[in-house]
Structure formats: C-alpha cells, structure tokens
Amino acid sequence: MAEVTNPNYRRVASLKTADDFAAYLREVGADLQFDRELQTGAESVLAQPYQLGDITIGNRFCILPMEGWDGTEDGLPTDLTKRRWQHFGESGAKLIWGGEAVAVRHDGRANPNQLLSNDATAREVEDLRKLLVEAHEAKCGRSDDLLVGLQLTHSGRFARPNDKKKLEPRILYRHPILDRKFGISSDDAVFTDGEIGDLIGDFVKAAVRAEQAGYTFVDLKHCHGYLGHEFLSATAREGRYGGSLENRTRFLRELVAGVRRDAPSLLIGVRLSAFDLLPFKMGADKRGVPEIHDGNYPFAFGGNVEDPLQIDLSETFRFFDLLGELGIKLVCISAGSPYYNPHIQRPAMFPPSDGYLPPEDPLVGVARQIKVTAELKARYPQMCVVGSGYTYLQEWLPHTGQYQVRNGLVDFVGLGRLVLSYHDLPYDVVNGRPLQTKRICRTFSDCTTGPRNGLVSGCYPLDPFYKTHPQAEALKTVKQELK
Ligand SMILES: Cc1cc2nc3c(=O)[nH]c(=O)nc-3n(C[C@H](O)[C@H](O)[C@H](O)COP(=O)(O)O)c2cc1C
Ligand code: SF4
C-alpha cells in the first residue's frame, strides 16, 4: 500500500490550547474528558501509589507489552530486546504489564524472532527482568514499589513461527472473513480439544518458569485476535471449548487452575480485547471500510451480533464476573486486533503498510477505548484496571490520563507506542519536568510497518538509535517501493 497521510484530520500537535483541544474533540465527536491543568510532582494524581492487596505499586503509569521482532531464532533476547526492557525500567512507570508477548511454544510464535519460553531460554528471560529492575533502581532510586509481569501467548491465527512472510495458523474455528483474508482453506489448522489440553500444559510450564524467574504475575493474553482472544468468539466451534460462553472461557479456567496448582505464588492478570468489531479493509479512497458480511456476526467478542460495528459489552461483563470468581484482579483493557481493525486497536494518523487511512479521526478511537474502560471500571470497582490506546493523545496524554485516574475511571494509564519514542515520559511527569515535545510519538506507524516487512521494530523517525540503525535504510526502501 502506498504511504498515505490524511489531510482531513487536524494534527494533535496543532491543538495548542485546552480550548482548541476541547473544541476539536467536540467537532469530531470524540467523547473524551481531560484536565486542563496538569499536576506534577509527588502530590500529583498520577504519582499516587495503588494498593493491590499487600503490594504497593508506586504510581499510575503502566508500560504496555511491546515486542520488537528482534529475538534470536531460538527465542532468546538480543541487545535490541535488552535495550527496550532497559527503557521500560527507566521509564519511571511502576507497573510493567508483561514486557512483551512471549510464546509458550514454537508453533505459537507470531514471528521467528519472538521470544520463546522453554528451559533453554529461561535464564535469559529472567535476566531481562533483572535488567529492567536494575535500570529502574538506577533511575528512580527504588524498586520495592515496581510490579513486573510477563505476557504469555500463543499467536494462533497469526502465528509465523518459521518464516516472517509465511503464516502457519493454528485456529479454533473456520472464520467466514478472516479465513479468506489470511488464506486458510481447510480444517487442517484447527486445534482439536486434545491439542488444546497439551497447549494448556505448555502455558502452565511457561508460568512456572516465569515464577522461578521472579516475575510477580503472568498475563494470560486474551487480546488482539491471538489464540486466547479467539476462544472468546468460538461460538461456531463444537465440543468443550466452543459454543456457550461457559465453554469459550474453559481455556482460561483451565489455565488458571494449572497456574494456581504449579506456580502458586504467581499473580494472574488478563489482557483483554474488551470489544471487537467487524474486520476492516482498504476502501476505494484508501480509507478503512468494514468487510461485507450478511446477517448476524457472532465472531466479535464484545461486539453487537446484529450490528457488528457497534459495541455490546454484555459478554464482556460476564467475562469480568468470571475473573472475579477466579480471584483475578489484574486486567488490562485493549480492543480489536492490529491485523484486521488496527484503527480500533491502535489509533494512528498514518497507517502501517498493511493498514488503511483512518475511517474516523483517531481521537474517536482513543475515546472509544477509554470510555469502555471507564464503563468496566465503574461496574467492577474492585478490579485493578489498566487502560490502553492513549498514545495518539500526544501532548494531551498526561492531561487525559490524569482526568481518568482522578475520577476513578481507570487505575493505570497504559503506554504503548509512546514508550518507543519517549520512554521516560512517566518519569518527567511525576517529577514535574516539562514534556520533551520532540520525542512525542506522532503515530507514524513505522514501528508496525518495519515488522510487517521483515524488519525489527523501533521508533525509526524519532529515536536517534533507530534513525541510524542499518535497518532504517531498508525501511526507507520499503516505503519508497510502496509509494
Ligand atoms: C511495535 C508494537 C508491538 C506490540 N506488541 C504487543 C505485545 O507484544 N503484546 C500486546 O499485548 N500488545 C502489543 N502491542 C499493542 C500495545 O501494547 C498497545 O495496546 C497499542 O500500541 C495501543 O496503545 P498505544 O496507543 O499506547 O500505542 C504492540 C504495539 C506495537 C506498536
Ligand atoms: S515509529 Fe515512533 S512515532 Fe511512529 S508510531 Fe512508532 S513510536 Fe510512534
């Protein structure tokens, strides 16, 4: 796809005053509140600790998981991986949600460079945590109020374990749109119930390694179209893991039972796509348009079956009820999938190479995630809720996060892409330092375009390290060819 920009939406950097920002939010229909005055320093809202049982988490910033497509083929971290984890530690955020997706076995890797959990990688995955904690202590002076988890995953439909360009999907059910979109034409890829049992065993073994490596929690990933998330929409699957919501959540219940049995000191968290909508594709004017689907669409968890461009949280609420019954308090809210509706998941002005022009002002996408998160937090106040999708807010991110936390609409402001360009923004905010505007992510999407074209991820436009990285030239060539 040619690199495209969208002239119709105003850039956030041009919204200089709170009045400008508020007026523009109204103009584009983004239902979003923010604080006009940013508090900074130790007394500020975002610097306040959060109490999770007997664990104190030192402030309200969370680093969201972000992989870099930069491990070795054996699943070990490289210097690039270590640099990213060091930055996560130096960020000043006191909650590290998972670091990055770590596959519990080879066929579940999203790319041949994804980190892998096995006995041969265990020591180095432990060292990543230590590196992060040491970097945090060096910058912030203490780490007793830092909570670090590890995200465990199987990439399911989006697995590319052996070749960056070759999907080798493992799925739960045949999907009328995604099978066509991603080239699945037989039942060969469908997991049997017995294979799911084996996979649960692999997740549990990975959790045991995480416990031994000193991680305080594991995230049993249920988002973004990967396998955990796919269970939740497996309405068309027969057998123990499909059909009713009871069956569709059996995977989670069995995972939790296994982790509690074999790694009893670990806390458990779940990162959830709290809603999903129809898949999108590029339309005639390069904007995203929904894929055509006639009749009911029961494949979007948290979406309306009869009108799958609308949200319906009734099953999401039942999922939260289940989390409560399972004694899980840690939940990180995300949405949709970067593979088939990226504007929902990662609002951006400039699409990645496999994306489309935003069909709505990206601020509308940000507001949608924040609103759903607030609705869940209001209904489940006892849950520790992390929000996502804030990066597009740019200069207004801290103001918006402060409003949400101050009003109890979320517990933690999760940061994704921004951390790749400006990892220590949380440190600056809680220490009363001015924002370094030149480092603010402008959602150019190169950190997604890179990996979509076989390169490592990183902030090529803004991070001086990646600006001069050898793969920056390769990325330029890719983007030229796409023009
Ligand atoms: C390069 C890149 C890698 C990502 N890797 C992961 C991942 O490993 N696990 C995950 O749950 N989300 C992953 N995400 C999604 C982010 O955690 C986050 O949800 C998303 O970027 C939206 O938040 P933001 O607006 O702050 O960027 C990734 C995003 C990017 C840009
Ligand atoms: S490449 Fe940099 S500026 Fe672009 S979206 Fe990623 S982090 Fe943001």
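Check the entry above for the structure.
Keep in mind it's a predicted model, so treat the numbers as computed, not measured.

Cut-offs applied
Residues numbered from 1 in each chain as written. Chains lettered and ligands numbered in written order. Predicted model: local features only at pLDDT ≥ 70, side-chain atom pairs only at ≥ 80, totals over all residues. Heavy atoms only, no water. Phe/Tyr/Trp six-rings, centres within 6.5 Å; stacked < 30°, edge-to-face > 60°. Helix = DSSP H or I, 4+ residues; strand = E, 2+ residues; numbered from the N terminus. Lys NZ or Arg CZ within 6 Å of the ring centre and 35° of its normal. Contact = heavy atoms within 4.5 Å. Polar contact = N/O pair within 3.5 Å; in protein donor to acceptor, adjacent residues only side chain to side chain. Disulfide = S-S within 2.5 Å. Buried < 20%, exposed > 50% of the residue type's maximum accessible area, 1.4 Å probe, protein only. Near = heavy atom within 4 Å. Nonpolar A, V, L, I, M, F, W, Y, C, P; charged D, E, K, R; others polar. Areas by Shrake-Rupley, 256 points an atom, 1.4 Å probe, with all protein chains shown as cover.

Q: Sorry if this is basic, but what is going on with the packing of aromatic side chains here?
A: Any aromatic ring pair is given by two values, namely how distant the centres are and how the planes are angled relative to each other. The tally for this structure, following the rule as stated, stands at 24 aromatic pairs. Between Y226 and Y339, the ring centres sit 5.7 Å apart and the planes meet at 90°, which makes this aromatic pair edge-to-face. Taken together, the residues span a long stretch of sequence, with Y226 in the loop between β7 (217-220) and α6 (227-232) and Y339 in the loop between β11 (330-334) and α10 (342-345) at a distance of 113 residues. A connected cluster of aromatic rings, assembled from ring pairs, spans F158, F182, Y226, Y339 and Y340. Sitting over the ring of Y24, R10 keeps its end group 6.0 Å from the ring centre.

Q: Would you mind going over the environment of R260 with me for this structure?
A: Within the secondary structure, R260 is located in helix α8 (residues 250-262). Note: C-alpha distance between R260 and A207 (53 residues apart in sequence) is 9.6 Å. When residues no more than four places from it in sequence are discounted, the contact partners of R260 are I268, L326, G327 and I328. A polar contact of 2.8 Å, which involves the side chain of R260, links it to the backbone oxygen of L326.

Q: How do you make sense of the state of the cysteines when you look at a structure like this?
A: Any covalent bond linking the sulfur atoms of two cysteines counts as a disulfide. Counted according to the given criterion, the structure contains 0 disulfides. C332 forms no disulfide, and the closest cysteine sulfur to it belongs to C62, at a distance of 5.7 Å. In this structure C332 comes out as buried when scored by relative accessible area, which is 0%.

Q: Explain the site of ligand 2 here, please?
A: For ligand 2, the full set of nearby residues is R417, L420, C441, R442, T443, F444, S445, D446, C447, C459, P461 and L462. Across the shell around ligand 2, the residue classes break down as 7 nonpolar, 2 polar and 3 charged.

Q: Honestly, the site of ligand 1 in this entry has me stumped. Any pointers?
A: Within the structure, ligand 1 sits among 21 residues, and Q151, R271, T391, G416 and R417 are positioned closest to it. Side-chain polar atom of Q151 to a nitrogen atom of ligand 1: 2.7 Å apart, as the coordinates give it. Q345 places a side-chain nitrogen or oxygen 3.4 Å from an oxygen atom of ligand 1. Here ligand 1 loses 99% of its free accessible area of 610 Å² to cover by the protein chains. Class assignment of the residues belonging to the shell around ligand 1 gives a composition of 9 nonpolar, 7 polar and 5 charged.

Note that all results are geometric; they support no functional claim without further evidence.
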